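Listed here are the chains, written in short residue letters.
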Amino acid sequence: MLVSVAAPEGEPMSRQSLSVNRRRFLQSTALGAAAAAGVLQAPSVLRAQGAAVKVGILHPVSGALSYSGQQGRIGATLAIEEINASGGIKALRGAKLEAVLGDAQSTPEGGNAEVEKMNGAGVAAIVGGYASGICLAASQTAARYDLPYIVDVGVVDSIVSRGLKNTFRFGPGFGVIAKTAIDNLVTINDQANKTAKTVMIVHEDSAFGAGLAKLLNTQLPERGFQVLETIPHPTPTRDFNNVVLKIKAQNPDLVIPANYYNEYVLLARTMQQQKVRPKGIYSVLGGAASSYKFVKEFPEAAQFIMDCNHWFDPKNAKALELKKKIEAKGEFYTYEVYMNYSCVLLLADALERAASADRDKIIAALESSTFTGHVMPYGPTKFVNGQNQGAAPVNTQVVGNDIQVIFPAAFASAKPVFPMPPA
Amino acid sequence: MLSPVILVPAVLNGLMTGAIYALIALGLTLIYGVLHIINFAHGALLTAAMFAAFFTFHWFGIDPYIAAIGLTPIFFCLGYVLQRFIIGPAAHGEDRNILLVTLGLAVVIENALLYGFRADTRTINLPYAFNVVEIGSAFLAVPRVIAFGVVIVVALALWLIMRWTDTGKAIRAVAQEKLGAELSGIDVAHIYAVTFGLGTACLAIAACLLIPTYYVNPSAGNAFVLIAFTIVVLGGMGSVTGALLGGLFVGVVESLSGLYLGESLGQIGIFVMFILVLLFRPNGLFGEHA
Amino acid sequence: MKGYAPILLAVALLATVPLISSSNVVLNFLVMALLIALAGQGWNLLGGYGGQYSFGHAAFFGTGAYVTAIIQMRYGVNAWLGFVVGIAAGALVGAVIGALSFRSGLKGSYFALVTLAFAEVLRIVASVTPITGAGVGTLIKLDLRPEAFQFQSRAPFYWIVLGMVGISLILARMIERSRFGAYLVAVRENEDAAKALGVDATKVKLVAMTISAALTAAAGGFYAQYYLFIDAGIAYGPWISIEALLAPIIGGIGTVFGPLLGALVVKTLGEVAKLVTGGAPGLDLVIYGGVLILVVAFAPQGIAGIFNGLHRRIFRRTQPAEPDRG
């Protein structure tokens, strides 16, 4: 049953030209790449003058996570275009970056299969994954080939605690996010004369929400908050009326949601409908709480919502330029975009410093990286066991039609409005 | 949690959610009761209908409740064509093949929507979507109350069609005894297609009722399918009354078990009930044939 | 296709693949296809030979996967032993679901739907109980040693899953030739008649379901060892229930090679669709679904059916019509 399939453009195997046709051929399938793998040796071969450096860009662009996957892909490919436009990798005689796009199909097996293909296609490194489950499987497979893997978003702590030398996470993990969220909450609360004492947590029930809720449940009481109830819900959830009823009945000072975009929208709208208005809504990694799309589509429901989430550095010129570019394309400037953008820039920097597309050298370069050319409020990168130490989330709040950064002070563009004014 | 302040609104919420479930299940039960097929494409068709409702509002500014008037016949025709010219012929009459064809159809529809409209979640913002009707301590969203009313009307209409019109009688005849119906001159292929069309038309209405308070993306319809199957079995395959009552019942059960067990574990309530009914009363709680 | 010779031949041929091709892409692809073939053969025993269509084989797959993983991670049991226990656990779940369903006389669509419900219940429970890690899932520690049922290279994984598929093929052939198999088919064709002849239909179906569950659970346990991460959606999600029934139906329901052929064809189709459509999201799956419909329309007996048809035509034998398998 395994019939070998001819390359789509009819490219004969022997002519390994560096045209766009080859990219389409290579980024296609198992069978095509398998044949190619028989020909290509280790990726460090064929480094002709300015030969393109292939970079695997892996995202779940179809399936349940397709929106986030597509946004991530946009950020990554934009970064590659920019790098190529400004002369490519100078240390490699202007070698251009060539994206090998992969669709993880929102499953770990999908991610895994794509990593195999990318490896077969001879990529120097892989960026992406998005979802924790996909990142775990994909980075593990990449580790077999000592293929550098830069995680774009995936937040579970186990991603960087497996002792895999090839895995680097640019953004923060759960542990840091939860701690920062609570620290900042305490500060905001203190500044408002400790007006909030009781809390209810509403979270989605998979890796991301459940993991976060667990951390919050341990740490919040230690910091003087009383958790009235923790409400898990599946993704997707069709209706939040009961959840909101419970919130209404127990009347917490704060509601802490941790869920994906769709559920967050439903929750916020239902709260508005049921006229439930706590003193504050403090989301942690909220799906919509710091989303321009949400603010644009539901301005009333979005007002004064606070989030502790990935966010770009509002004082960074490149970040604002990227924002304009993305919005000019008619897209929303979401975290998947700028995090992937930064990850690709990070990789390019590693390539420059390694002056080679050799995998081990790239890994070494990443390990010693002190990159500042990204657009996140992290400071220079510093990887310990694959985790970027400076990575941290930031607090935002929706005020008017815009999303402002309210914490930390170094990046803030507005003061927190807490407690929320009455409707 | 036992306080009536919470319990009463929860039950009312359950009834309203259940009404939408019932309408979706109505379509499915007709299709199952007559064609004896498990329509895997039901969720994808619902999604397609929701996109249609969304774009009708987005491009033409037509309120979804009005749009339903136009979309219902359109989707009826779509369902008719699908059954008559794709599912029926491809399946060669074998149940197992129908299963695969509807599965294939589901994949095609969902991914065509993904390809055509991308993965973003779309919502519409109606000016009255946040208005509420206050009953005691319960705040009932206006669109959901309207939905409840519409579903009752549709169920009634379908029941009347089944009982009093020639087509309805033909449908019931085919459901009970296909060969006999054929021998008495009924065009079975046509009836099959009409039934499928009716099922799809129900989805169109359900979509218009959902869109004011819900969202749409290429996989939005899938969330409702399993529940719809549960209701179909509960209410008795092919029974319009069964689907309506079953839907309301399931809505309330879901709401209450969500309240007591939490939203995640609460989903179990429906399936456990489903299993129990199947094990002990397989003809459904209202055991009727169409 | 009679006898064991074709099975041994097929397995031997497939076994040579890692020796011919050093491409991990190919191996990975085949491992996944063989895994589905294994799960599908499980489904096939119950659905193809037994005529009882299950929509919830994920229940067994997931049990095999979770038990294998949890036993290793929480109780420090050796991975291989855990794998075996996983299979046993899956078989047990099959026996329980079977006992409940068959004793209540559930058949046809009702049986299919109740299996679906059971799988969903397990999925929901797995997504909230602490022992499975609830939403976070279960991660098997990376430990690339054969003793831990993990390997540096893909090839040993490949041979192991191939071996299991081989066993499942032999098992299917044995059942075909045994009295038990005859009873099973009799129950499929006409349960009442079979009962009238003295066949204990419930017991026969129950045994078939237990074996079926064990095979699919083995696929689940293997999945856990191969990918090292599972959560409720992966273990008990509808995806595997669908793949497990798609492969045998496409390949030829109720035949020994059906699931294997079907799995290879279906997976290859997926890859070809991706090749043809480049990177556009969703388009490859549109083609995949379209081809599926076409296959059903023009080859309703599955791939094996095509072979049989050709066989008949080439040898110009007249044979009685196939019994209605509906």
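Computed from a predicted model, the values in this text were never measured in an experiment.

**What about the overall build of chain C?**
Within chain C, the secondary structure is distributed over 15 helices and two strands. The C-alpha radius of gyration of chain C comes to 20 Å, within 12% of the 20 Å expected for a compact globule of 326 residues. Its C-alpha atoms give chain C principal-axis dimensions of about 55 × 45 × 40 Å. When the 326 residues of chain C are sorted by exposure, 58% land in the buried category. Within chain C, residue pairs in contact and separated by at least 24 positions form 78% of the contacts whose partners lie at least 6 positions apart. Only carbon and sulfur atoms are counted for the fraction: they give 68% of the accessible area of chain C, which is about 12200 Å². Charge-centre separation for chain C: the mean point of 22 positive side chains lies 6 Å from the mean point of 14 negative side chains.

**With respect to the overall build of chain B**
Per the secondary structure count, chain B includes 11 helices and two strands. Along its sequence from the N terminus, chain B presents helices and strands in the succession α-α-α-α-β-β-α-α-α-α-α-α-α. Computed over its C-alpha atoms, the radius of gyration of chain B comes to 19 Å, within 12% of the 19 Å expected for a compact globule of 290 residues. For chain B, with 290 residues in total, the buried portion stands at 63%. Taking the contacts inside chain B whose residues are at least 6 apart along the sequence as the reference set, 78% of them involve residues at least 24 apart.

**Re the pairing of strand 7 (residues 226–233) of chain A**
All names here are of chain A. Across seven bridges, the pairing between strand 6 (residues 198–204) and strand 7 is parallel. Across the sheet, Thr 198 pairs through a bridge with Gln 226, a residue of strand 7. Assessed by its sense of winding, the connection that carries the chain from strand 6 through helix 7 (residues 207–222) to strand 7 is right-handed.

**Digging into the nonpolar core**
Ranked by internal contacts, the top residues of the largest apolar core, which has 358 residues, are Phe 294 and Tyr 338 of chain A together with Phe 222 of chain C. Of the residues forming this core, the biggest block, 17 residues, is contributed by helix 3 (residues 24–49) of chain C. Residues contacting Phe 222 of chain C, with those up to four places away along its chain left out, are Val 31, Leu 35, Phe 83, Phe 149, Phe 157, Ile 160, Val 161 and Met 164 of chain C.

**Side note on the pattern of salt bridges**
Going through the model one piece at a time under the given rule, you end up with 26 salt bridges over all chains. Between Glu 331 of chain A and Arg 118 of chain B there is a salt bridge, with the nearest N and O atoms lying 2.8 Å from each other. Placement of the pair is Glu 331 of chain A in the loop between helix 12 (317–328) and helix 13 (335–354) and Arg 118 of chain B in the loop between helix 4 (95–117) and strand 1 (132–135), with the two residues belonging to separate chains. When its relative accessible area of 26% is taken as the criterion, Arg 118 of chain B is described as partly exposed. For Asp 120 of chain B, the salt bridge goes to Arg 118 of chain B, with nearest N and O atoms at 3.5 Å. Since its relative accessible area comes to 13%, Asp 120 of chain B is described here as buried. Put simply, Glu 114 and Lys 117 of chain A together with Glu 271 and Lys 274 of chain C are held in one network by salt bridges that share partners.

**Structural notes on the packing of aromatic side chains**
Evaluated as defined, the whole model comprises 37 aromatic pairs over all chains. On the basis of an interplanar angle of 65° and a centroid distance of 6.1 Å, the ring pair of Tyr 21 of chain B and Phe 224 of chain B is categorised as edge-to-face. One end of the pair, Tyr 21 of chain B, is in helix 1 (residues 4–35); the other, Phe 224 of chain B, is in helix 9 (residues 222–235), and 203 residues separate them in sequence. Taken individually, Tyr 21 of chain B and Phe 224 of chain B each receive the classification buried, so the pair is uniform in this respect. Measuring from centroid to centroid gives 5.8 Å for Phe 61 of chain C and Trp 239 of chain C, while their planes differ by 85°, and the two rings are edge-to-face. Placement of Phe 61 of chain C in helix 4 (residues 58–75) and of Trp 239 of chain C in helix 12 (residues 238–251) is noted, with a sequence separation of 178 residues between them. Cluster of aromatic residues (ring-pair linked, three or more members): Phe 61, Trp 80, Phe 83, Phe 149, Phe 151, Phe 157, Phe 222, Tyr 223, Tyr 226, Tyr 227 and Trp 239 of chain C.

**As for the side chain of Gln 273 of chain A**
Position of Gln 273 of chain A relative to the elements: it lies in helix 9 (residues 261–273). With residues up to four places along the chain from it excluded, the contact list for Gln 273 of chain A reads Ala 129, Phe 130, Val 132, Phe 139, Ala 141 and Thr 213 of chain B.

**Quick word on the interface of chain A and chain C**
Counting from both sides, the interface comprises 39 residues of chain A and, opposite them, 41 residues of chain C. Across the chain A-chain C interface, the total number found is three salt bridges. For Lys 274 of chain C, the salt bridge is made with Glu 114 of chain A, and the minimal N-O distance between the two is 3.2 Å. Across the chain A-chain C interface, the total number found is eight residue pairs in polar contact (both at pLDDT 80 or more). Contributing elements (two or more residues each) for the side of chain A that touches chain C: helix 2 (30–39), helix 3 (66–85), helix 4 (108–120), helix 5 (132–144) and helix 7 of chain A.

Cut-offs and rules
- Residues numbered from 1 in each chain as written.
- Chains lettered and ligands numbered in written order.
- Predicted model: local features only at pLDDT ≥ 70, side-chain atom pairs only at ≥ 80, totals over all residues.
- Heavy atoms only, no water.
- Helix = DSSP H or I, 4+ residues; strand = E, 2+ residues; numbered from the N terminus.
- Rg over C-alpha atoms; globule rule 2.2 N^0.38 Å.
- Buried < 20%, exposed > 50% of the residue type's maximum accessible area, 1.4 Å probe, protein only.
- Contact = heavy atoms within 4.5 Å.
- Areas by Shrake-Rupley, 256 points an atom, 1.4 Å probe, with all protein chains shown as cover.
- Lys, Arg positive; Asp, Glu negative; His and termini not counted.
- Charge placed at Lys NZ, Arg CZ, Asp CG, Glu CD.
- Pairing = 2+ DSSP bridges.
- Right-handed = clockwise from strand over helix to strand, strands pointing away.
- Core = buried A, V, L, I, M, F, W, Y, C linked by side-chain atoms within 4.5 Å.
- Salt bridge = Lys/Arg side-chain N within 4 Å of Asp/Glu carboxyl O.
- Phe/Tyr/Trp six-rings, centres within 6.5 Å; stacked < 30°, edge-to-face > 60°.
- Polar contact = N/O pair within 3.5 Å; in protein donor to acceptor, adjacent residues only side chain to side chain.

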